[in-house]
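If you want the building blocks of each chain, they are given just below.
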Amino acid sequence: MTQISYGLFSELLLVRIHGRAEAYLQASSAERLALVAACRGEATVPDLAQRILSRTIYAQASSRIGPLRELLQNALDASPPGARIDVRSTEDGREISVADQGRGMSRTELLADLLVPFRSGKAGEPDAIGEHGIGFFSALEIAPWIEVVTATPSGGHRLLVAPLGAGPPYDDFSWTLLSLPRSSAAPPPGLAGAAAPPRRSTTGTSVRLSLAQPISRPALAAEVAAAVGLVDPAVARIYVDGALVNTARARLRRAAEVPLRLPPSGELCGAVELLVGRGDGVEPQLTITQKGLTVATRIDPFPGPELGLHRELARAITAAGFGLVAELPLAVPLNKGRSAVAASASTAVEAALVAAFERFILRDALYDRELLRAVDHRLSSVLDRLVQAALLGESITIASAQVVDELDPGARTPTVAAPEQVIRFASGLLDAPLFRSIVVDAGPRPPGAAPSALLGQLHARSAPLTLRELLKAHRDGVLRPLEASLPSGARSAARAPLGGTAAPEAAGREAPGARAGELVYLAIDEPLAQAFWRRLASEGAASPPLAEAAAAAPQRPSSAAPCPMPRTSRDALLSIAAEVPGVRAVAAAMTVIERLDAAISEAADLPTSPIWVHQDLYGPDEMAHTDGSGISVNIASSRVRTLLTAVLLRDDAAAFTALTDLLLHEKTHVSLASYVPRPTAEHGTSFYRRKDWMRRRLLAAIASGAVADPMRWLAVARRGLASAALPAPVELSRAFQSAAAAA
């Protein structure tokens, strides 16, 4: 015989407040009514239970993703490892269901835990993350009518929830509980209009939601993926209308791990894991998760001026399409809406995130060739300024130090310069072994003997050197580019991997440096090494071997007088400075930039922008500029010159990617100039979100064939070009000054 019970949510909460819950659950229908009446008579505030329910239901989630995450979290906590969880919807989008293969719920669990706020049946379970007992209530905001069918080894139940009164918001909800015979205890086979799910186990729970507002199937898949897309499939496989949505974890790798201690006891509660990767399902942002469930997302992961260096590096990494995922230990408390870390733990978690990112940069990112190539020009620009400061003898001071963790005293402690100063790495990066090199011992040399005569006697050893060691070798006059004339054994030693993507054991090593009679050979095919050579050449500090290694044309020293040139079109450039050597190369580079702008504009449905060149608008370190009407490239910038030269010389994919990123950056300024306040357009979240959107549109348009790959225009731009060398900034400036004087 089927047992039927019914009542109101407010009654369950009221008897719980008055300590009579057990008696209520065991009483008959008539006895329950009398018990509720007695509790109401004793209550100081007669409608207290209704007030608590209203605030619990309608004050937890800011979007539909929140309730979906809560239901999926319950399914994850109830399911065995690797189990299947199904989310299904009807064709009209009016109903969705979440079904798991977990242990199910008994009658007492349904009435005493599920339907009573701030009560959770997961207490004491180490792998469960529900703790507030309000997740189920958040679903009532988007779905006032809910059906729960649950099966345990001993039997099953069907729970029906319906709103009372006019709403939303509704004043109260009724519940009806029916016991099901064991043969019918399994959850229903599916929803009307939806394909039947695969054969289920005999236990589990299915929650069917009748939505107040319909949802399309693509939108449902996107929202579920946003909530649980980073869950490890080894924990659970989550399907939406038959399609697996949590596939992104396979594209992530662990990059750093930092132990976490929570106040006030300081007890170790686990470790914050930082994962990095890119591809479908991995958004270019920092995503904070717990058990794979999304807690919060950040476009700019490190706010505040004291974290300026962290922010610049994180932007460089995310702009290249990489995503960062910070996985929190289960012991970290979250707020009641599970959208942020609880205030009591936020300071400790933020410090651990900073430490994990610093460890990732020093021990992983600078040794990952794929990542480094993708963000070449940005990381190189940081290194470029660091080398410049070291060459000029500037002290690299510590503005604020972040201890990685007290359990690892040998860990690096990178620091951040004050925001108004030039961003630079501090001692942590100076002493990190970043550069592939070999140290060659030629033995005693006869007076006047040329090094080439001693090649057969060379003894080479691989030495991953630090920037500080390279600068010392440069000052001692023993630094050389790695040339083809070296013995093959020495060349292969220099190109040997530095321990995969992990940093070599550098924390306690002795600095190898170069001893008397040794030469240091540095490879020229690594991104950071190329930045090092370029800076030495541009600072006028290059000896003949260094000058041969520099890929760019000779640059003026930074101490030279400014070389201004107004914003100039290609026609004006050819008209005024046609006789200056290298102007034809600038015109060819402008052709490439115009094709890039055209491709970006077509992909993003924007008008094309006029392309100009200039010199020294805000100084030689500025790469490009826009006032919203067009894009002007600073050809006095050493980094821009290197990019353009590499693109014109050969099909350099890394240089072309960096040039594309530069155009995307300026094109984003153009697209935002008409409706976003300038401070927001320059540095706000909306800027980087739109830039990422434009990048995605461009890649999708090229992949589909809607836009021709702009790299194909390189051959056209080179046609008839005798040299890729760009004109000296001084000569261009002189030509325009003469034209202005003549006018």
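Residues numbered from 1 in each chain as written. Predicted model: local features only at pLDDT ≥ 70, side-chain atom pairs only at ≥ 80, totals over all residues. Heavy atoms only, no water.

1. Some thoughts on the confidence of the model for the chain
Then, in step 1: Per-chain confidence: the chain averages 75 in pLDDT, with 70% of residues scoring 70 or above.
Then, in step 2: This model gives residues 192-200 a pLDDT under 50, and the stretch forms 20 contacts once residues within four places in sequence are excluded.
Then, in step 3: Across residues 394-427 the pLDDT falls below 50, and counting only partners more than four positions away or on other chains, this stretch makes 75 contacts in the model. (pLDDT = per-residue confidence, 0-100. Contact = heavy atoms within 4.5 Å.)

2. Observations concerning the nonpolar core
Then, in step 1: Residues Phe9, Leu115, Ile146, Leu159, Trp175, Leu209 and Val224 are the most contacted members of the largest nonpolar core, which totals 56 residues.
Then, in step 2: With residues up to four places along the chain from it excluded, the contact list for Val224 reads Leu68, Leu72, Val87, Gly229, Ile238, Val240 and Val245.
Then, in step 3: One finds Val586, Val592, Val613 and Leu732 within the second-largest nonpolar core, a separate group that totals 49 residues. (Core = buried A, V, L, I, M, F, W, Y, C linked by side-chain atoms within 4.5 Å. Buried < 20%, exposed > 50% of the residue type's maximum accessible area, 1.4 Å probe, protein only.)

3. Brief notes about the environment of Met623
Then, in step 1: Residue placement: Met623 occurs in the loop between β24 (611-615) and β25 (624-625).
Then, in step 2: Overall, the relative accessible area of 15% leaves Met623 in the buried class. (Helix = DSSP H or I, 4+ residues; strand = E, 2+ residues; numbered from the N terminus.)

4. Remarks on the packing of aromatic side chains
Then, in step 1: Considering all chains together, one arrives at three aromatic pairs under this definition.
Then, in step 2: Ring centres of Phe302 and Phe357 lie 4.9 Å apart, and the angle between their planes is 50 degrees; on these two criteria the pair is classed as tilted. One end of the pair, Phe302, is in the loop between β13 (293-298) and α9 (308-319); the other, Phe357, is in helix α10 (residues 343-363), and 55 residues separate them in sequence. By the burial criterion, Phe302 is buried, and Phe357 matches it. (Phe/Tyr/Trp six-rings, centres within 6.5 Å; stacked < 30°, edge-to-face > 60°.)

5. Topic: the sheet that holds strand β23 (residues 565-568)
Then, in step 1: Sheet architecture is open: four strands sit in the order β23-β24-β26-β25, paired in mixed fashion. The sheet terminates laterally at β23 and β25, the two strands that pair on one side only.
Then, in step 2: Strands β25 and β26 (631-634) of the sheet are contacted by helix α21 (residues 653-672), whose axis makes an angle of about 140 degrees with β26.
Then, in step 3: The sheet strands contacting helix α25 (residues 729-742) are β23 and β24, and the helix crosses β23 at an angle near 80 degrees. (Pairing = 2+ DSSP bridges. Axes fitted to C-alpha atoms, helices over the stretch in contact; angles between N-to-C directions.)

6. Let's talk about the sheet that holds strand β21 (residues 479-481)
Then, in step 1: Strand order in the open sheet formed by four strands is β19-β18-β22-β21, and the pairing between neighbours is mixed. Either end of the sheet is taken by a strand with one partner, and the two such strands are β19 (459-462) and β21. Averaged over all pairs of adjacent strands, the angle between strand axes in this sheet comes to 30 degrees, irrespective of strand direction.
Then, in step 2: One ladder, built from five bridges, connects strand β18 (residues 437-441) with strand β22 (residues 518-522); its direction is antiparallel.

7. A look at the packing of helix α19 (residues 583-604) against helix α20 (residues 638-649)
The packing of two helices is summarised by the inter-axis angle and the distance between the axes.
Then, in step 1: Viewed as axis vectors pointing N to C, α19 and α20 meet at an angle of 85 degrees, and their least axial separation amounts to 10 Å. The angle between α19 and α20 falls in the class roughly perpendicular. Of α20, the residues touching α19 (which contributes Ala585, Ala588, Ala589, Val592 and Ile593) are Leu644, Val647 and Leu648.
Then, in step 2: When grouped by side-chain class, the residues that make up the contact of α19 with α20 number eight nonpolar, no polar and no charged. (Parallel < 35°, antiparallel > 145°, perpendicular 65-115°, else oblique. Nonpolar A, V, L, I, M, F, W, Y, C, P; charged D, E, K, R; others polar.)

8. Description of the pairing of strand β2 (residues 83-89)
Then, in step 1: Of all seven residues in β2, seven are buried; the element is thus mostly enclosed.
Then, in step 2: Residues Ala83, Ile85, Val87 and Ser89 line one face of β2 and the alternating positions Arg84, Asp86 and Arg88 line the opposite face, and both faces are buried.
Then, in step 3: In this structure, β2 lies alongside strand β3 (residues 95-99), joined through four bridges in antiparallel fashion. Of the residues in β3, the one forming a bridge with Ser89 is Ile96.
Then, in step 4: The hairpin formed by β2 and β3 contains five residues between the paired strands, and Gly93 there has a positive phi angle of roughly 75 degrees.

9. Focus: a nonpolar patch on the surface
Then, in step 1: Taken together, the side chains of Ile17, Val45 and Leu48 define a hydrophobic patch exposed on the protein surface, amounting to about 210 Å² of accessible area.
Then, in step 2: Mapped onto the secondary structure, Ile17 falls in helix α1 (residues 9-17).
Then, in step 3: For Ile17, a relative accessible area of 41% puts it in the partly exposed group. (Patch = residues over 30% accessible without salt bridge, like charges linked within 9 Å, V, L, I, M, F, W, Y side chains within 5 Å. Areas by Shrake-Rupley, 256 points an atom, 1.4 Å probe, with all protein chains shown as cover. Salt bridge = Lys/Arg side-chain N within 4 Å of Asp/Glu carboxyl O.)

10. Considerations on the packing of α19 against α21
Then, in step 1: Between α19 and α21, the least distance of the axes is 10 Å, while the angle of their chain directions is 60 degrees. Between α19 and α21, the crossing angle belongs to the class labelled oblique. Of the two elements, α19 crosses α21, and the hand of that crossing is right-handed. Counting all contacts with α19, which are made through Val592, Ile593, Leu596, Asp597, Ile600 and Ser601, the residues of α21 involved are Phe656, Leu659, Thr660, Leu663, Leu664 and Lys667.
Then, in step 2: When the residues that make up the contact of α19 with α21 are grouped by side-chain class, the tally is eight nonpolar, two polar and two charged. (Left-handed = near helix turned anticlockwise from the far one by under 90°.)

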